[in-house]
Amino acid sequence: MKTQKNSLAAVVSDFIASLSEAEKAELRTLILNSQLTTSWPWYKQVMARYLQLPDAKELLDDIESHYPGTEFGNAVSGENPSSHAYEAKIILREAQKALGK
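As a starting point, this report considers the structure included with it. (Residues numbered from 1 in each chain as written. Predicted model: local features only at pLDDT ≥ 70, side-chain atom pairs only at ≥ 80, totals over all residues. Heavy atoms only, no water.)

## Comments concerning the overall build of the chain
Next, step 1: For the chain, the count of helices and strands is 6 helices and 0 strands.
Next, step 2: Ordered by position from the N terminus, the helices and strands of the chain form the series α-α-α-α-α-α.
Next, step 3: Expressed as a percentage of its 101 residues, the buried residues of the chain come to 42%.
Next, step 4: Long-range pairs, those at least 24 residues apart, make up 65% of the contacts in the chain with a sequence separation of at least 6.
Next, step 5: Element-wise, carbon and sulfur atoms account for 56% of the exposed surface of the chain, whose accessible area totals about 5900 Å². (Helix = DSSP H or I, 4+ residues; strand = E, 2+ residues; numbered from the N terminus. Buried < 20%, exposed > 50% of the residue type's maximum accessible area, 1.4 Å probe, protein only. Contact = heavy atoms within 4.5 Å. Areas by Shrake-Rupley, 256 points an atom, 1.4 Å probe, with all protein chains shown as cover.)

Right, dumping it as structure tokens:
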């Protein structure tokens, strides 16, 4: 199966590949909450690397297709939709699942 460059699966794979073993171990145990100081650097990293780029629309559309209502999720979580914190959480959660959390 061919994976699109800006698909959720491709981004999760790329993100995991970029992590050291120590970072992978930390991510496995991380509590995902953008309000926690331990989580926020991870959110910022994912947002800057994947979600705040000019060509992020394809990725955002793919996330929306897997998790309908991401704009609603941003509103419920109190996040500014343009920050894409909710989408970052989805990427981090998928990475955790792939790492066996």
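## Observations concerning the nonpolar core
Next, step 1: Core analysis: the largest hydrophobic core is formed by 26 residues, its most contacted members being Phe15, Leu27, Val46, Leu51, Ile91 and Leu92.
Next, step 2: Among the elements of the structure, α1 (8-18), α3 (40-51), α4 (57-66) and α6 (85-99) are those that each provide at least two residues to this core.
Next, step 3: In terms of residue count, the dominant contributor to this core is α6 (7 residues).
Next, step 4: Those residues in contact with Leu27, other than ones at most four positions away along the chain, are Phe15, Leu19, Trp42, Leu92, Ala95, Gln96 and Leu99. (Core = buried A, V, L, I, M, F, W, Y, C linked by side-chain atoms within 4.5 Å.)

## Quick notes on α6
Next, step 1: For α6, built from 15 residues, the straight-helix expectation of 21 Å at 1.5 Å per residue is met to within 8% by its first-to-last C-alpha distance of 21 Å.
Next, step 2: Burial in α6 covers these residues: Ala85, Glu87, Ala88, Ile90, Ile91, Leu92, Glu94, Ala95, Gln96 and Leu99.
Next, step 3: Just past α6, the residue Gly100 takes up positive phi, approximately 90°. (Expected span 1.5 Å × (residues − 1).)

## So, α3
Next, step 1: For α3, every residue scored as buried is listed here: Trp42, Tyr43, Val46, Met47, Tyr50 and Leu51. The arc that holds every buried residue of α3, seen down its axis, measures 130°, which confines them to one face.
Next, step 2: In the core, the buried residues of α3 are packed alongside α1, α2 (21-29), α4 and α6. (Arc of directions from axis to C-beta.)

## Quick look at the packing of α3 against α6
The relative placement of two packed helices is expressed as an angle between their axes plus a distance between the axes.
Next, step 1: Running from amino to carboxyl end, α3 crosses α6 at an angle of 100°, the nearest separation of the two axes being 9 Å. Compared by their axis directions, α3 and α6 come out roughly perpendicular. On the side of α3, the interface is formed by Trp42, Tyr43, Val46, Met47 and Leu51, while α6 contributes Ala85, Glu87, Ala88, Lys89, Ile91 and Leu92.
Next, step 2: Per-class residue counts for the contact of α3 with α6 are 9 nonpolar, no polar and 2 charged. (Axes fitted to C-alpha atoms, helices over the stretch in contact; angles between N-to-C directions. Parallel < 35°, antiparallel > 145°, perpendicular 65-115°, else oblique. Nonpolar A, V, L, I, M, F, W, Y, C, P; charged D, E, K, R; others polar.)

## A few points about the environment of Asn6
Next, step 1: Assignment of secondary structure puts Asn6 in the segment before α1.
Next, step 2: Using a relative accessible area of 13% as the deciding quantity, one classes Asn6 as buried.
Next, step 3: With 52 residues separating them in the primary sequence, Asn6 and Glu58 have C-alpha atoms 6.0 Å apart.
Next, step 4: Sequence-distant contacts of Asn6, that is, excluding residues within four places in its chain, are made with Asp55, Glu58, Leu59 and Asp62.
Next, step 5: Within the structure, Asn6 has its side chain in polar contact with the backbone oxygen of Asp55 (distance 3.4 Å). (Polar contact = N/O pair within 3.5 Å; in protein donor to acceptor, adjacent residues only side chain to side chain.)

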